Amino acid sequence: MSTAIDAFDSLLAGRQRILLLSHVNPDGDAIGSQLGLKWLLEAQGRQVIAANQDGVPVLLRADQVAPGWQEMVHNPMKPKRRGNGYDLVIALDCSDLPRLGKAYSPALAATPLVNIDHHITNLHFGAVNIVDPAASSTAELVWRLADALGWPIGPQAAQCLLTGIVTDTRSFRVGHVTPGLLGVAQQLMEAGASLAAVNELVLERRDVDTICLWGHALAELRLEERIIWTAIPQTMRARCNSVEQSDSGLANFMVGAVEADVALILTERADGLVDVGMRAAPGFNVAQVALALGGGGHPRAAGCTLALPLEAASQQVLAALKAALAQQRHAEQRP
Ligand code: AMP
Ligand code: MN
Ligand code: MN
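Residues numbered from 1 in each chain as written. Chains lettered and ligands numbered in written order. Predicted model: local features only at pLDDT ≥ 70, side-chain atom pairs only at ≥ 80, totals over all residues. Heavy atoms only, no water.

Enquirer: For this particular structure, what's the right way to read the state of the cysteines?
Expert: A disulfide bridge is the covalent bond that connects two cysteines by way of their sulfur atoms. Counted by the stated rule, this structure contains 1 disulfide. The disulfide bridge from Cys212 ends at Cys240, spanning 2.1 Å between sulfur atoms. Across the S-S bond linking Cys212 and Cys240, the dihedral sits near -70°, which makes this disulfide left-handed. Separated by 28 residues along the polypeptide, Cys212 in helix H7 (residues 208–219) and Cys240 in the loop between helix H8 (234–239) and helix H9 (249–254) bring together distant segments of the chain. A relative accessible area of 28% places Cys212 in the partly exposed class. Judged by relative accessible area, which is 2%, Cys240 ranks as buried. Sulfur of Cys160: no disulfide; nearest cysteine sulfur belongs to Cys94 and is 17 Å away. Its relative accessible area of 1% is what places Cys160 among the buried residues. You can see Cys304 has no disulfide; the closest cysteine sulfur is in Cys94, sitting 16 Å from it. The class for Cys304 is buried, based on a relative accessible area of 5%. (Disulfide = S-S within 2.5 Å. Helix = DSSP H or I, 4+ residues; strand = E, 2+ residues; numbered from the N terminus. Buried < 20%, exposed > 50% of the residue type's maximum accessible area, 1.4 Å probe, protein only.)

What follows is the structure in structure tokens.
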């Protein structure tokens, strides 16, 4: 880790124009780590562009939780003059390069890339890889970077990083919450960040269309071999006027079922692909199933995208999960 940070420090020296990217359909950690690092690098005199193919999710469009969100661009190669002007690309909260989506242009292939991430399935695709699956969030890794390099953390950077930590740990309830992490959160709050803002404006909020969709999806709930699952076809989304956006709340809710070890949601997208979200109860692991299906994630929260009709995708994922869970239960029973 400290070697990777030293390598990052050397790579950064003399590089002026920096492009920060995060994963498609971004969450609070993607946006928070990206904007947090933007503020930090700007304070170090760098010119920074932050881009995401899908922009900033509605709940994060608030200065109280993601200051600087208005500056996020969709396409970092526009206007054209910026095309070859980046000295360095940094990917945040992404386990593989395709997760950056269209924001990563092939024209960037010759530009050095730094990979900062905490997914256990990370493919180490950067020239420098600051990757730690024990970290709560990518935002925590950005904090570690700033701390190791002695960069001051202003109130805006502090807020963005706290937003990343709080959203990825669901307010310190899951994930890698250590005494050290609580110490980091304390420092960020002392630097001016608000914990209540993230809880109230992001974690506990969703629009009525999303709640409507939860209702329909929950009405179709099934339980098979301790897998609680549901599928969301486009027709269901249309009934609720629900727009496509990231919502991991329903999967988190479902995995609380005492009868289940894993929760699974399959969502049919407008382009016909199927997004798969999985959550595991304590003691179970869905990361390897996601990786085997071309996705990735964490032991207890992972996902993938399948190019199959909804029904076929459901059967494929259920079969993979049943096999993995049987193996995990068997391994647990061995002395
Ligand atoms: P979600 O269920 O969308 O909240 O995602 C849970 C976890 O799985 C997150 O850490 C995501 O980064 C990861 N994940 C979800 N979908 C994919 C995918 N298509 N490819 C790689 N990782 C994914
Ligand atoms: Mn993320
Ligand atoms: Mn994350």
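Enquirer: For this particular structure, what's the right way to read unusual backbone geometry?
Expert: A positive phi is found at His124, a non-glycine position, where the angle reads about 50°. Phi angles above zero are rare outside glycine, and Arg226 is one such case at about 65°. Position of Arg226 among the secondary structure elements: in the loop between strand E6 (222–224) and strand E7 (227–232). Residue Arg226 is classed as partly exposed on the basis of its relative accessible area, which comes to 35%.

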